[in-house]
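# Observations on chain architecture
Residue-level listing of the chains:
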Amino acid sequence: MIRALILIALVPAVVYGNVGRECSGGRPLTTNVNLLGCTAPPCDLVRGQDVIAYIDFTTDRAITSMTTVPTATALGITAPYPLPAEFADTCAWLEGSSCPLSANEDVTYRLTIPVLPIYPLVNLSIEIDIVDQNDESVACFVVDARVVAA
């Protein structure tokens, strides 16, 4: 019976593994990052499809607005990874809450990242920095990934 309970408790961790790692510079960490279809990095990003991620974090201060700022590093080159404006507005994609947010509020954010068909087949790291109305980091994580053909 105990084995069955332990197995039941571990299944969500295996199916929905935290695939994010911390950013440089001491920016606030996320509590969990789940990319649909990925249980361990590197995560496959399929050309021509959207990547959906659920990011959990806790605010450390009051927040009135947030923006998602992605950066990609591939082949030793770091460049902005622009999101369409509707996806970059973090507050518009919060699950079960909305901006403004209070300090110490637990938040789940649904992030959509389009993977364009023209992207090269390459290994990369994607840094997602969620910044507030003052361009200060609210939460940050890095995911190791690879762009793959459909």
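Higher on the page you've got the structure.
Note that the structure is a prediction, hence the values are computed from the model and not measured. (Residues numbered from 1 in each chain as written. Predicted model: local features only at pLDDT ≥ 70, side-chain atom pairs only at ≥ 80, totals over all residues. Heavy atoms only, no water.)

Below, the discussion takes up the pairing of strand β8 (residues 123-132). Two faces belong to every sheet, and in a regular strand the side chains alternate between them. β8 sits mainly inside the fold: eight of its 10 residues count as buried. Sheet topology places strand β4 (residues 66-74) next to β8; eight bridges connect them, and they run antiparallel. Bridging from a neighbouring strand, A72 pairs with I126 of β8. Relative to strand β9 (residues 137-148), β8 runs antiparallel, the two sharing nine bridges. Bridging across to β9, V131 finds its partner in S137. Counted along the chain from β8 to the antiparallel partner β9, the turn is four residues long, and its residue D135 has a positive phi close to 60 degrees. (Buried < 20%, exposed > 50% of the residue type's maximum accessible area, 1.4 Å probe, protein only. Helix = DSSP H or I, 4+ residues; strand = E, 2+ residues; numbered from the N terminus. Pairing = 2+ DSSP bridges.)

So, about the state of the cysteines. Two cysteines joined by a covalent bond between their sulfur atoms form a disulfide. In total, this model carries three disulfides according to the counting rule given. Covalent S-S linkage joins C23 and C140, the inter-sulfur distance amounting to 2.0 Å. Disulfide C23 to C140: torsion about the S-S bond roughly -85 degrees, handedness left-handed. Highlighted residues: C23 in the loop between α1 (2-15) and β1 (32-35) and C140 in strand β9, separated in sequence by 117 residues. By the burial criterion, C23 is buried, and C140 matches it. (Disulfide = S-S within 2.5 Å.)

Ranked by internal contacts, the top residues of the largest apolar core, which has 36 residues, are L35, I55, F57, M66, L111 and I130. Listed by contribution, the elements that provide at least two residues to this core are β1, β2 (43-46), β3 (50-58), β4, α2 (85-88), β7 (106-114), β8 and β9. When residues in this core are grouped by element, the largest group, six residues, is from β9. If we ignore the near neighbours within four places in the chain, the residues touching F57 are L29, T30, T31, M66, E105, D106, V107, Y109, I130, V138 and A139. (Core = buried A, V, L, I, M, F, W, Y, C linked by side-chain atoms within 4.5 Å. Contact = heavy atoms within 4.5 Å.)

In this section: the pattern of salt bridges. In the structure shown here, the tally under the stated rule is six salt bridges. Two residues, R27 and E127, come together in a salt bridge whose shortest N-O distance is 3.0 Å. Taken together, the residues R27 in the loop between α1 and β1 and E127 in strand β8 connect sequence positions 100 residues apart. You'll find R27 and E127 in the same group, each marked buried. Here R61 ties to D132 by a salt bridge, and the two come within 2.9 Å at their closest N and O atoms. A residue pair is termed long-range when its members are at least 10 positions apart, and R61 in the loop between β3 and β4 and D132 in strand β8 qualify at 71 residues. Each member of the pair, R61 as well as D132, carries the same accessibility label: buried. Through salt bridges with shared partners, one network takes in R27, E127 and D129. (Salt bridge = Lys/Arg side-chain N within 4 Å of Asp/Glu carboxyl O.)

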